[in-house]
Amino acid sequence: IKKIGVMTSGGDSPGMNAAIRSVVRTCAFYKIECAGIYRGYQGMIEGDFIDLNARSVKGIINKGGTFLKSARSKEFMTKEGRAKAYKALTDANIDALVTIGGDGTFTGALVFNKEYNFPIIGIPGTIDNDIAGTSHTLGYDTTLNTVVEVIDKIRDTASSHNRLFFIEVMGRDVGHIALNAGVGAGAEEILIPEEDLGLERLVDSLNRSKESGKSSSIVVVAEGDKTGKNVFELKDYVNEHMPEYDVRVSVLGHMQRGGSPSCFDRVLASRMGVTAVENLRDGKSNLMVGLINDKIAVTPLQKAIKGQSKINKELIRVSDIMSV
Ligand code: F6P
């Protein structure tokens with residue numbers, strides 16, 4: 001391997017900059033050239049590259065977002081688009097890739113590898129934690145901390161006004177953010193796609209909370225939850241069935257993707273970048289670097305994408321007991 005291209009693709013996540021830094025510096029350590037690819041696969045198609053050395057990535061370990069920018073490229077989904085990308089890479093003498101992103105990024109990587117036998121190692125960067133082969137995706141820990149901090153603030157005003165809040169959090173089709181941040185912030189109820197409790201149970205539970213002396217409540221709702229109602233419809237439903245409650249809704253949105261990465265994410269990013277480059281150097285491809293039982297380990301990309309979501313059922317029980 002002479003020159004590694006590094007890129008970020010799909011939804012950004014805190015820690016992506018730290019991962020780029022790690023890839024660039026590991027390349028420098030092993031005297032491998034490194035190029036940054038702007039705007040994910042779209043920048044790859046357009047040959048939008050920048051040569052990077054150890055000093056180009058100074059002062060970014062603590063920065064949210066990704067300085068290489070990110071995009072979801074429709075053109076890369078076409079054969080013609082991928083042919084352009086291959087030409088641009090070879091023209092720039094790039095002979096291997098580290099792709100930082102989620103399942104869409106890895107799906108694209110696998111197709112590209114199949115067509116051009118191009119060596120690729122993936123680093124899971126998404127706040128959703130919806131990738132198998134790692135207990136933590138990059139950015140997930142930071143997002144949990146952000147969400148907990150915000151829910152704490154909402155609780156202040158909720159309890160001052162004796163209100164019930166529905167708080168929608170991100171996570172796409174999985175409930176990791178909702179479940180973990182919900183337990184961490186002491187939510188009374190947590191609605192996640194993996195476990196549909198039904199609306200009657202929700203009303204029962206809120207009634208029980210009231211009877212047990214609680215005057216305000218926080219319900220964390222994963223954006224992908226399966227109640228069939230969005231947070232605003234949930235508000236209407238509760239208003240109808242429990243008119244005594246003063247209900248408000250807060251949709252946290254993209255603030256969950258921003259901010260300086262936590263120490264955990266910075267360390268994880270640093271470790272993952274080293275392993276990604278070392279695997280390419282060893283002639284490996286189509287692997288994703290992950291954290292399994294606190295150790296860095298690699299998993300076939302195929303398995304990482306197709307793997308089952310790994311919701312921690314114990315947390316559901318803990319949450320139920322805590323909201324007694
Ligand atoms: O995958 C990360 C994520 O933030 C999801 O949690 C969310 O559903 C989605 O991306 C939002 O995408 P966009 O930034 O395109 O609105």
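Residues numbered from 1 in each chain as written. Predicted model: local features only at pLDDT ≥ 70, side-chain atom pairs only at ≥ 80, totals over all residues.

The name given to the protein chain in an unreviewed UniProt entry is ATP-dependent 6-phosphofructokinase, with the source organism recorded as Polaribacter porphyrae. In its Sequence similarities (unreviewed entry) section, UniProt records this for the protein chain: "Belongs to the phosphofructokinase type A (PFKA) family. ATP-dependent PFK group I subfamily. Prokaryotic clade 'B1' sub-subfamily." Under the Function (unreviewed entry) heading, UniProt states for the protein chain: "Catalyzes the phosphorylation of D-fructose 6-phosphate to fructose 1,6-bisphosphate by ATP, the first committing step of glycolysis." (UniProt positions renumbered as here; feature names shortened; annotations may be inferred.)

Asker: Just to check I follow, could you spell out the overall build of the protein chain for this structure?
Answerer: Of the regular secondary structure elements, the protein chain holds eleven helices and eleven strands. Taken against the 2.2 N^0.38 rule, which gives 20 Å for 324 residues, the C-alpha radius of gyration of the protein chain at 22 Å falls within 12% of a compact globule. For the protein chain, the C-alpha atoms occupy an extent of roughly 70 × 35 × 30 Å along the three principal directions. For the protein chain, buried positions account for 48% of its 324 residues. Sequence separation of at least 24 residues holds for 77% of the intrachain contacts in the protein chain that already meet a minimum separation of 6. (Helix = DSSP H or I, 4+ residues; strand = E, 2+ residues; numbered from the N terminus. Rg over C-alpha atoms; globule rule 2.2 N^0.38 Å. Buried ≥ 20, exposed ≤ 12 C-beta atoms within 10 Å, placed from the backbone. Contact = placed C-beta atoms within 7 Å.)

Asker: Could you clarify how one ought to interpret the sheet that holds strand E5 (residues 120-124) in this entry?
Answerer: Sheets are built from strands that pair by backbone hydrogen bonding, the pairs being arranged parallel or antiparallel. If you walk across this open sheet you meet the seven strands as E3-E2-E1-E4-E5-E10-E11, and the pairing is mixed. At either margin of the open sheet sits one strand with a lone partner, and together these are strand E3 (49-52) and strand E11 (295-300). Pairs of neighbouring strands in the sheet enclose a mean axial angle of 30°, with direction left out of account. When E5 meets strand E10 (residues 287-292), the two strands line up parallel, connected through two bridges. What sits directly across from glycine 122, in E10, is methionine 288. Where helix H4 (residues 103-116) meets the sheet, it contacts strand E4 (96-101), E5 and E10, and its direction lies at approximately 175° from that of E5. This element, helix H9 (residues 263-281), spans strand E1 (3-8), E4, E5, E10 and E11 of the sheet and lies at about 170° to E5. (Pairing = 2+ DSSP bridges. Axes fitted to C-alpha atoms, helices over the stretch in contact; angles between N-to-C directions.)

Asker: What's the story with the environment of glutamate 189 in this structure? I'm lost.
Answerer: Within the fold, glutamate 189 resides in strand E7 (residues 189-191). Residue classification places glutamate 189 among the buried positions, given that 21 C-beta atoms sit within 10 Å. Spatially, the C-alpha atom of glutamate 189 lies 16 Å from that of methionine 242, the residues being 53 residues apart in sequence. Look past the residues within four positions of glutamate 189 in its chain and what remains in contact with it is Leu202, Ser205, Val219 and Ser323.

Asker: Mind showing me how you'd approach the nonpolar core here?
Answerer: In a soluble, globular protein the nonpolar side chains are often hidden away together inside. Residues Ile4, Val6, Ala19, Val23, Val98 and Ala276 are the most contacted members of the largest nonpolar core, which totals 52 residues. Excluding its chain neighbours within four sequence positions, the residues that come into contact with alanine 276 are Val23, Val98, Ile121, Ile123 and Val289. Counting residues in each nonpolar core, the second largest holds 34 residues, with Tyr140, Phe165, Val220 and Leu252 among its members. (Core = buried A, V, L, I, M, F, W, Y, C linked by C-beta atoms within 7 Å.)

Asker: Before we go on, may I ask you to explain the UniProt feature "binding site: Mg(2+)" (unreviewed entry) in the protein chain in this structure?
Answerer: In the UniProt entry, the feature "binding site: Mg(2+)" (unreviewed entry) is given for Asp103. Residue position: aspartate 103 is located in helix H4. When near neighbours in sequence (up to four residues on either side) are disregarded, aspartate 103 contacts Asp130, Ile131 and Ile305.

Asker: Help me understand the UniProt feature "domain: Phosphofructokinase" (unreviewed entry) in the protein chain in this model?
Answerer: Under the UniProt annotation, the feature "domain: Phosphofructokinase" (unreviewed entry) is placed at residues 3-279. As annotated, residues 3-279 has a helix share of 43% and a strand share of 17%, and its two end C-alpha atoms lie 14 Å apart.

Asker: How should the sheet that holds strand E8 (residues 217-222) be read in this particular structure?
Answerer: The strand order across the open sheet formed by four strands is E7-E8-E6-E9, and the pairing between neighbours is parallel. Of all the strands in the sheet, just E7 and strand E9 (246-251) have a single pairing partner and so form its edges. Adjacent strand axes in the sheet meet at a mean angle of 20°, parallel and antiparallel pairs treated alike. Relative to E8, E7 runs parallel, the two being bridged by three bridges. Within E8, the residue paired with glutamate 189 across the bridge is valine 219.

Asker: Any chance you could explain helix H3 (residues 79-91) here in plain terms?
Answerer: Residues spaced three or four apart along an α-helix face the same direction, because each turn holds 3.6 residues. Its 13 residues give H3 an end-to-end C-alpha distance of 18 Å, which sits within 8% of 18 Å, the value for a rise of 1.5 Å per residue. Those residues of H3 that sit buried are Arg82, Ala85 and Leu89. Relative to the axis of H3, the buried residues are bounded by an arc of 55° and lie together on one face. Away from its buried face, by an angle of more than 90 degrees, H3 presents the exposed residues Glu80, Lys87, Thr90 and Asp91. The elements touched by buried residues of H3 are E1, helix H2 (40-46) and H4. In the segment just after H3, asparagine 93 is the residue with positive phi, at about 60°. (Expected span 1.5 Å × (residues − 1). Arc of directions from axis to C-beta.)

Asker: I would appreciate a short explanation of the packing of helix H5 (residues 140-160) against helix H6 (residues 176-184) in the present structure.
Answerer: Helix-helix packing: each pair is described by the crossing angle between the helix axes and the interaxial distance. Contact pair H5 / H6: the axes reach a minimum separation of 9 Å and the direction vectors enclose 50°. Classified by the angle between their axes, H5 and H6 sit oblique to one another. Between H5 and H6 the crossing geometry is right-handed. On H6, the residues touching Tyr140, Thr143, Leu144, Val147, Val148 and Ile151 of H5 are His176, Ile177, Asn180, Ala181 and Gly184. (Parallel < 35°, antiparallel > 145°, perpendicular 65-115°, else oblique. Left-handed = near helix turned anticlockwise from the far one by under 90°.)

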